[in-house]
Every structure is written in structure tokens, then in C-alpha cells.
Amino acid sequence: MAVTLALIMIGVLAAQPALAQGRNNEIYTQDDVAVDETAANANAAREKALDVGQSRALDRLLRGMTDPRDHDRLPRPGNEQLLRLVRSIDVANEAVAPQRYRATLTVRFDAEGVRGLLRNAGIAFAAADKGLSLVVPVLRYDGGSFWDDGWWRGAWETAVGRGGLIPMLVPLGDLADRQALPADGGALSDPAAQDALAARYDAEAVWIAEGRVAGGQLEGRLTGTDGTVLTATAPVAGEGGEKAAADTVVTQLLDQARSGWRSTNLVDYSRRESLDAVVRFGNLSVWAEIRRRLSALAMIEAVEERLLSNKGAEISIRYYGDRDGLQAALTRQNLALMPLGTDWELVDRVRNPVGASGMPVGSVAPGTAAPASVAPAGQPAAPIGRGLPVGAATGQTPPAGQAAPVGSVPPRATGSGG
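The rules we used
- Residues numbered from 1 in each chain as written.
- Predicted model: local features only at pLDDT ≥ 70, side-chain atom pairs only at ≥ 80, totals over all residues.
- Heavy atoms only, no water.
- Helix = DSSP H or I, 4+ residues; strand = E, 2+ residues; numbered from the N terminus.
- Buried < 20%, exposed > 50% of the residue type's maximum accessible area, 1.4 Å probe, protein only.
- Contact = heavy atoms within 4.5 Å.
- Areas by Shrake-Rupley, 256 points an atom, 1.4 Å probe, with all protein chains shown as cover.
- Core = buried A, V, L, I, M, F, W, Y, C linked by side-chain atoms within 4.5 Å.
- Salt bridge = Lys/Arg side-chain N within 4 Å of Asp/Glu carboxyl O.
- Pairing = 2+ DSSP bridges.
- Axes fitted to C-alpha atoms, helices over the stretch in contact; angles between N-to-C directions.
- pLDDT = per-residue confidence, 0-100.
- Expected span 1.5 Å × (residues − 1).
- Phe/Tyr/Trp six-rings, centres within 6.5 Å; stacked < 30°, edge-to-face > 60°.
- Polar contact = N/O pair within 3.5 Å; in protein donor to acceptor, adjacent residues only side chain to side chain.

Chemist: Explain the overall build of the chain here, please?
Modeler: Tallying secondary structure elements over the chain gives 11 helices and 16 strands in all. In the chain, buried positions account for 46% of the 418 residues. Here the analysis covers contacts within the chain between residues at least 6 apart in sequence; of these, 66% occur between residues at least 24 apart. Surface summary for the chain: the accessible area is close to 19,300 Å², and the carbon and sulfur share equals 51%.

See below:
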């Protein structure tokens, strides 16, 4: 099968570890796929190995995205369909003999193609749109704890570098990292310190990966920003000692973390829903950014603009799964759906933070009447696309870049409700 190979020299990878690590953390990338095939000649063995490697990588990816109960019916595309799903292949550790070919592959798949494959098979899968998580390797001893630079850190770098449903990165561990999140005292569990470290890498969450050797056992503990605590152990004995134990413990902890994420984020892609909403914004560039974040969510099929002005829009969102799942997905993009009379408002939580009531300041609580400047349900809504400045009814026009006041974009009289 003809495949375009992106060959990367080991020397280049060693010189650019940050780029390599970032590449490997793509969700739809499968790293460290070993192939070893024989055939009549070296070229035939190579082609066979590439076919086997791509198929093996796709199977590993699909298993990571789906419920184990569905693994027996996972799709197994033929060579031509598989070729269309593969974006690129990197080859390392290549060894060629007259009738044998060995290598280690990194296979990158097309995200939408993989999702479509599972949708067509009627298999629910986790929407792979989770943000980056940092994993901080820390070793604990009786005298305290510290950032690790040895076998414990190495095990985490190798494991998260293989990719997976939760994109993870081991931070550099330089002086700035250690000052942001000191390993001693209570700083490791301090949300402000974790946020400071996460901000350096534009990460969504921080996992503290603690290792401790006691009584011939390596005890691993992985604590998430959300309070999740996972544990695993392995004996420190025989060939490999601490390093072999670390590889085992890290694999178990990552399996638990990914399994937990998958089980709570499975989306039934055989179910399609729609929802109408109002969205307010300071200018069209803000709307373009909001729309980009919506499009980044795997469970959203389409966003249609029913009415649009330079200050607001009425939109229809077509999505897979249920509304609870949609709300959870929107949260990961700093967006939220809030009740607005009989309809919904899509709120940008970056520009319009949620108040103590759980709703944006000025939003209409469920079952209450809309403000006087908003057309009540059942009455014709003033169109938002006719050039009338937002806020004209109240005489207030928001400064550029700020959200328009509530009431400047009327809700629709009725909504599909999803």
C-alpha cells in the first residue's frame, strides 16, 4: 500500500524534545507501535509492516475511545479505507534485512474520519476534546518530597508521550516550574500554585504523580485537580528494579485515569438533537472566536446562524448525545447554556463570568419574565440583523469588545429545547 512517510531522524528528535513531546500528545496519535514482518523481499516486508502497524494503531486508538463492552464489534476497515484515515506516519528504529523489516511507528489519524467510523458503526465513544493536563512527577521520602528527574519522571514522559484520550504533558521541571509549584509543604495541593503552573503551559488541569518506595514496593498515587485520587503498586525486585516497577505503576495509573474519563464522557452518536439559543457579543471578531470554540467540540455537528448582527446572533446548535453532555462539553470551552425566558442563551464565561447564583449577571432565571427591553415569549421578536444598534431600546451601547447588555438581543418566542 502506497503511503507517504514523514521520516524523522533520531538526532532531530533528541535536539527538539519539546516539539516531539507536543506531537505525541495529540489525541489521535498512536506512538511506539512496533512492527516486525517478513516477506519475499525487503520491500514487500516493509509494505506488509506498514499495513499491520496502521491497523494495530487504529485498533489501539478505538479501544481507548470506547467502552470495553463494545470492543468485540469495533470496525476493522480494509486497506483503502484505512489509508484515508491516516494523516501521516513517522518511522524510527528502522532495520532492513533481505526478507525482513522492523521499525517503530508513530501513526497520526484524521480525527473526523475516526469519529465518523465509530458513528457509522453505531458505537458510543468519548468525545476527545479534553484540554491539556500536566503531570508533575514527585518522589516522596520520609524526609519530604521533591520534583524527580530520574526513573520516575522518565516513566511518565515515556507513557504520556504515547498519546491517549487525555492529552498529557510532563512539564520541563525548570526553576520557574518549581517556583510556581514547590514540591515541599502544602503547595502541591494548593489550587493557586497548581493554576500558576498550568498557566505556563496553557493547561486545563494538573495531576500530581507521587511515587514512594517502601517495603520493597513502589506505591504510586495520582491526584487530579478535581480531587480524583488513583493508586497502584508494583514490587521493586529483579531485573530493572525501580524503573521496571515505575513502568508498571504508571501504566496502571494512566489506564485508570483514561477509563474514568471515558466512562463519564461517552456520547451516543446515534442520537441527534438541536437547540436554539441567543448569543451576545461585543463585535464580530468575538463571535468568530466563540464559533471556533464551538466547532472544536466533537459532539457538535453544526452551528447555524439564523439571525446575525454585529452585536448578537440567534443560532441553532445541532449536536450528538444529550443536553447534559452538551453542557459538560461547553464548559471545557468556557461556554455555558443559561435559561433565558422560554429559550436559552449561550454565554461566554471568559467575558461574562457566572455570578453567585450560577447564572451570568443580568440573566433571566427560569420561569421569570424577560426584561422590558426583551420581547416577551409569544410576541414578535425584534430582528437583530437590520442594523439597529444593540442596546438601542435602553440607550446603552456597549464598548467594543464587551458583551452587550441583557435585552439587546431578544429570545426566540419558542425553542426546540434539545
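Still more to cover.
Chemist: Looking at this model, I keep getting lost on the nonpolar core. Mind explaining?
Modeler: Nonpolar side chains in soluble globular proteins tend to end up buried together. Counting 54 residues, the largest nonpolar core has L105, F109, I315 and L346 as the members making the most contacts within it. Element by element, the count of residues in this core is highest for helix α3 (residues 42-65), at eight residues. Here F109 is in contact with Y28, Q30, Q54, A57, L58, L61, L82, L85, V86, R87 and V114, once residues within four sequence places are set aside. The next biggest cluster of nonpolar side chains, apart from the first, holds 26 residues, and it includes V135, A159, V170 and L230.

Chemist: When you look at the pattern of salt bridges in this model, what are you seeing that I'm missing?
Modeler: Pairing between side chains of opposite charge can happen when their charged atoms approach one another. Evaluation of the coordinates by the stated rule reveals 26 salt bridges. Between R76 and D59 there is a salt bridge whose closest N-O contact spans 3.5 Å. Of this pair, R76 sits in the loop between α3 and α4 (79-85) while D59 sits in helix α3, and the two are 17 residues apart along the sequence. For D59, a relative accessible area of 22% corresponds to the partly exposed category.

Chemist: Could you clarify how one ought to interpret the sheet that holds strand β13 (residues 300-308) in this entry?
Modeler: Strand pairs in the sheet, formed through backbone hydrogen bonds, run parallel or antiparallel to each other. Strand order in the open sheet formed by five strands is β13-β14-β12-β16-β15, with mixed pairing between adjacent strands. The open sheet terminates on both sides in strands that have one partner only, identified here as β13 and β15 (335-340). Neighbour-to-neighbour, the strand axes of this sheet turn through a mean angle of 35°, independent of strand direction. Bridge analysis of β15 against strand β16 (residues 343-348) gives six bridges, and the strand direction is antiparallel. Within β16, the residue paired with L335 across the bridge is D348. Lying over the sheet, helix α10 (residues 284-295) contacts β12 (272-280), β13, β14 (312-320), β15 and β16, oriented at roughly 155° with respect to β13.

Chemist: I would appreciate a short explanation of the sheet that holds strand β2 (residues 86-97) in the present structure.
Modeler: The sheet built from three strands is open, its strands ordered β1-β3-β2 with antiparallel pairing. On the outer flanks of this sheet lie β1 (29-38) and β2, each paired with one strand and no other. On average, each strand axis in the sheet is tilted by 20° relative to the strand beside it, whichever way the strands run. The pairing of β1 with strand β3 (residues 100-109) spans eight bridges and is antiparallel. Note that in β3 the partner of A34 across the bridge is T104.

Chemist: What is the right way to read the confidence of the model for the chain from this model?
Modeler: Looking at the chain, pLDDT values average 76 and 74% of them are 70 or higher. At the level of individual helices and strands, the chain shows its lowest average pLDDT in helix α1 (residues 10-15), which scores 30, and its highest in β3, which scores 94. Note on residues 354-418: pLDDT is under 50 here. Beyond four places in sequence and across chains, it has 117 contacts.

Chemist: Looking at this structure, I do not really get unusual backbone geometry. What am I missing?
Modeler: The bulk of non-glycine residues show a negative phi, and the bulk of peptide bonds are trans. The backbone phi angle of D32 is positive, close to 60°, even though this residue is not glycine. One non-glycine residue with positive phi stands out, namely D202, at about 55°. Of note, D202 is situated in the loop between α8 (191-201) and β8 (205-214). The class of D202 is exposed, set by a relative accessible area of 69%.

Chemist: Even after reading the chapter, I still don't get α10, so can you show me in this structure?
Modeler: Within an α-helix, residues lying three or four positions from one another point in the same direction, as the helix has 3.6 residues per turn. Here α10 spans 16 Å end to end across 12 residues, near enough to the 16 Å set by a 1.5 Å rise per residue. Looking at the buried positions of α10, the neighbouring elements they touch are β12, β13, β14, α11 (323-331), β15 and β16.

Chemist: It is not clear to me how the packing of aromatic side chains should be interpreted in this structure. Could you clarify?
Modeler: A ring pair, where both rings are aromatic, is described by two values, the distance of the centres and the angle of the planes. In the structure shown here, the tally under the stated rule is four aromatic pairs. Ring centres 5.8 Å apart and planes at 5° place the aromatic pair Y141 and F146 in the stacked group. With a relative accessible area of 43%, Y141 lands in the partly exposed category. Plain terms: the ring middles of F281 and W287 are 5.6 Å apart, the flat faces sit at 20° to each other, and that makes the pair stacked. Like W287, F281 is buried. An aromatic cluster of at least three residues, connected via ring pairs, comprises W151, W152 and W156.

Chemist: Explain the side chain of S88 to me, please; I cannot follow it from the model alone.
Modeler: On the secondary structure map, S88 appears in strand β2. Using a relative accessible area of 17% as the deciding quantity, one classes S88 as buried. Beyond its immediate sequence surroundings of up to four residues, S88 is in contact with T106, V107 and R108.

Chemist: Help me out: how do you make sense of the side chain of E345 in this one?
Modeler: Tracing the backbone through its elements, the reader meets E345 in strand β16. Given the relative accessible area of 4%, E345 is considered buried. A distance of 2.7 Å separates polar atoms of two side chains, one belonging to E345 and the other to R280.

Chemist: Help me out: how do you make sense of the pairing of β13 in this one?
Modeler: For a regular strand, side chains alternate in direction, first toward one face of the sheet and then toward the other. Bridge count between β13 and β14: seven bridges; the pairing is antiparallel. In the sheet register, L308 faces β14, and the bridge partner there is A313. Here β13 hands over to β14 after three residues, the two strands then running antiparallel side by side.

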